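# Structural overview
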Amino acid sequence: MVRIKPFRGIRPPKEHAAEVASRPYDVLDSAEAKAEASERSLLHIIKPEIDFDPIADEHAEEVYDRAVENFRLWRERGWLQQDEEEHYYVYAQTMDGRTQYGLAMCCHFEDYRSGAIKKHELTRPDKEEDRMKHVRCQRANIEPVFFAYPDNAEIDALVEGVVKGAAPDYGFTAEDGFGHRLWVIRDRKVNDRITEIFKDIPALYVADGHHRTAAAARVGEECMLRNPNHRGDEEYCFFLAVTFPASQLRIIDYNRVVRDLNGMTPAEFVEALRTDFEVEKIGGEVYRPARLHNFAMYLDGAWYSLTAREGTYDDDDPIGVLDVTVLSNRVLDKLLDIKDLRTSKRIDFVGGIRGLGELRRRVDSGEMKVAFALYPVSMKQLIDIADTGNIMPPKTTWFEPKLRSGVVIHSFEEGK
C-alpha cells in the first residue's frame, strides 16, 4: 500500500497560468532559461541564476537565496495563490492527439524509504544535494515528480467524472505544441475515495524525477529527526507528485552520440560490428529502429541497421534484455572502450524528442563521429526492473510530454 493525501495547492490564477508554468529545471541550461523566461515565468524560481548578470553559478548561496525571494514575490504579487482547502488535482497532458490524465497528490517520504515508491535509476549525489537545498530553503516542492501506478478502473472512472463534468480550471498550449489542463477536485467524497483506493495500490513507480524524489524524501527525514514530537502526518512528510496510470504513459527513445571510433576507421568499425550484429547499410535516408534488439547507426554520412545476434542479449534477464545493455556491452565497452557512461566525456545522450535528424546533425558537424538510435523501453520493462530491485543503465528512459513546473506547487511551511 502507499500513503497519499490531498494538499492546498499553490498555483497561478487562470490568466497567468500559461506564462508562469515553465519547462522543468533539468531540460534546459541556464542560457536557454534566461532567453525563455518572461516576467512571471517560474524559471526565475527554479533556475534563479538567470536573474544575475552575468548568469551566476547555480550552486552559489546567493542563487538559493534569490529562489526563496522570488517565490515570496510571486505569491505577494498574486502570480501564485494558495487554495483554501486541500484537494487532489487532475493534470492532463496532450501530445500528438493523445491525452494522459494524472493526479497531482502528495506522497509520503516513508514510502520511498521502504521501497513502496520504486525507482529504476541511480542518483548522482551532487544533483541530489542541489535539489535538497532548493526543497529545504523553500520548504516547498516547487516542481512535481512524475510517477506511474498500476491501472485501476475505479480511479479511471473518478477521473473521467471530474474531467467530463466541468471545464478545466485552466488550460493552455505550450510553445512546443503540447496541451496542459488542470482540474481542481472539489468534491470531498471524491477526494476521500482517492485516498482510500491508493491504500490498496501496491506500489508507485518513479518515471521521471529520481533526484527530486530522493531529495524530497531526505528533507522529510531531516524534518522528522528535528522534531521530537514527530507523528508521521506532518506536512513535511509529504512531497508533490503527478501520478499516471502506467498504461497511459509512453517512453520514447534515448539515443547516444560518440566523439571518436577508438582509433578505428569507419570501415574497420563497421567490420568489427559484424561479430555481434547483422549490419545492413541503408544509405542517406533516416532509419528508425523497427523492433527490440534492432538499432540505427549513423556513420560517415550513411544510416545503418544493426540487429543484435542471438546470444548477445538475455530475454530472461530484466537488465540483460534491454537494448541499452546490449549497446553498452557489445559496442560502447567492447569496441569503443567507453566503460562508465556516467563519467565518460566521449559520449553524450540525445532525447528522442529532438528527432533522429539531431543525431545526423551532430555527426555531420564533426562534433561527433557516430550516433546510435535505440528502440524505446516499454513501461512493462521499467516496472519489471523496478519490481525486481534492479537499476537501469544511465539515460535509458525519456518520458514525453514533460510535466510543466508551476501548474501546482506544494508547500510544507508552517502556516502556508
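Now for a description of the structure that goes with this document. These numbers come from a predicted model, not from an experiment.

### What to know about the pattern of salt bridges
Here the structure, examined in full by the defined rule, presents 38 salt bridges. When the shortest N-O distance is used, the salt bridge between Glu-154 and Arg-193 registers 2.7 Å. Residue Glu-154 is located in helix H7 (residues 153–165), and its partner Arg-193 is located in helix H8 (residues 188–198); the two are separated by 39 residues in the primary sequence. On the basis of relative accessible area, Glu-154 is assigned to the partly exposed category, the value being 35%. Ionic pairing is found between Arg-288 and Asp-253, a salt bridge with its closest N-O pair at 4.0 Å. Here Arg-288 is found in the loop between strand E15 (277–283) and strand E16 (294–299), whereas its partner Asp-253 is found in the loop between strand E13 (251–252) and strand E14 (254–258), with 35 residues between them in sequence. For Asp-253, a relative accessible area of 8% corresponds to the buried category. Residues joined by salt bridges that share partners form a network here, namely Lys-5, Glu-86 and Glu-235.

### As for a negative patch on the surface
On the surface, Asp-57, Glu-58, Glu-62 and Asp-65 cluster together to form a negatively charged patch. Within the fold, Glu-58 resides in the loop between helix H3 (43–46) and helix H4 (61–76).

### Points about unusual backbone geometry
In this model, Asp-53 is joined to Pro-54 through a cis peptide bond whose omega is 0 degrees. Take Pro-54: it is sitting in the loop between H3 and H4. With an omega of 0 degrees, the peptide bond between Glu-400 and Pro-401 qualifies as cis. In this structure, Pro-401 sits in the loop between strand E20 (398–399) and strand E21 (410–411). The backbone phi angle of His-293 is positive, close to 75 degrees, even though this residue is not glycine. Here His-293 lies in the loop between E15 and E16. Judged by relative accessible area, which is 7%, His-293 ranks as buried.

### Examining the packing of H4 against helix H6 (residues 125–138)
The relative placement of two packed helices comes down to the angle between their axes together with the axis-to-axis distance. At their nearest, the axes of H4 and H6 sit 10 Å apart, and the two run at 40 degrees to each other. By the angle between their axes, H4 is oblique relative to H6. Handedness of the crossing formed by H4 with H6: right-handed. For the pair formed by H4 and H6, the contact residues are Glu-61, Tyr-64, Ala-67, Val-68 and Phe-71 on the first element and Asp-130, Lys-133, His-134, Cys-137 and Gln-138 on the second.

### Section: the environment of Thr-307
For Thr-307, the position within the fold is in strand E17 (residues 302–308). C-alpha of Thr-307 to C-alpha of Val-219: the two residues are 88 residues apart in sequence and 46 Å apart in space. With sequence-adjacent residues up to four places away left out, Thr-307 is seen in contact with Asp-276, Phe-277, Glu-278, Arg-291, His-293 and Asn-294.

### Remarks on the side chain of Asn-141
The topology assignment puts Asn-141 in strand E7 (residues 140–141). Engagement of the side chain of Asn-141 in a polar contact is seen with the backbone nitrogen of Leu-240, the distance being 3.2 Å. Non-local contacts of Asn-141, meaning those with residues more than four positions away in its chain, are made with Val-135, Ala-216, Phe-238, Phe-239, Leu-240, Ile-409, His-410 and Phe-412.

### A short note on the environment of Pro-245
Position of Pro-245 relative to the elements: it lies in strand E12 (residues 238–245). For Pro-245, a relative accessible area of 1% puts it in the buried group. Note: C-alpha distance between Pro-245 and Thr-325 (80 residues apart in sequence) is 27 Å. Those residues in contact with Pro-245 that lie beyond four places of it in its chain are Tyr-101, Tyr-149, Asp-151 and Asp-156.

### Thoughts on helix H13 (residues 379–387)
Looking only at H13, the buried set comprises Met-379, Gln-381, Leu-382, Ile-383, Ile-385 and Ala-386. The first or second residue beyond H13 is Gly-389, which carries a positive phi of 75 degrees.

What counts and how
Residues numbered from 1 in each chain as written. Predicted model: local features only at pLDDT ≥ 70, side-chain atom pairs only at ≥ 80, totals over all residues. Heavy atoms only, no water. Salt bridge = Lys/Arg side-chain N within 4 Å of Asp/Glu carboxyl O. Helix = DSSP H or I, 4+ residues; strand = E, 2+ residues; numbered from the N terminus. Buried < 20%, exposed > 50% of the residue type's maximum accessible area, 1.4 Å probe, protein only. Patch = residues over 30% accessible without salt bridge, like charges linked within 9 Å, V, L, I, M, F, W, Y side chains within 5 Å. Areas by Shrake-Rupley, 256 points an atom, 1.4 Å probe, with all protein chains shown as cover. Lys, Arg positive; Asp, Glu negative; His and termini not counted. Charge placed at Lys NZ, Arg CZ, Asp CG, Glu CD. Axes fitted to C-alpha atoms, helices over the stretch in contact; angles between N-to-C directions. Parallel < 35°, antiparallel > 145°, perpendicular 65-115°, else oblique. Left-handed = near helix turned anticlockwise from the far one by under 90°. Contact = heavy atoms within 4.5 Å. Polar contact = N/O pair within 3.5 Å; in protein donor to acceptor, adjacent residues only side chain to side chain.

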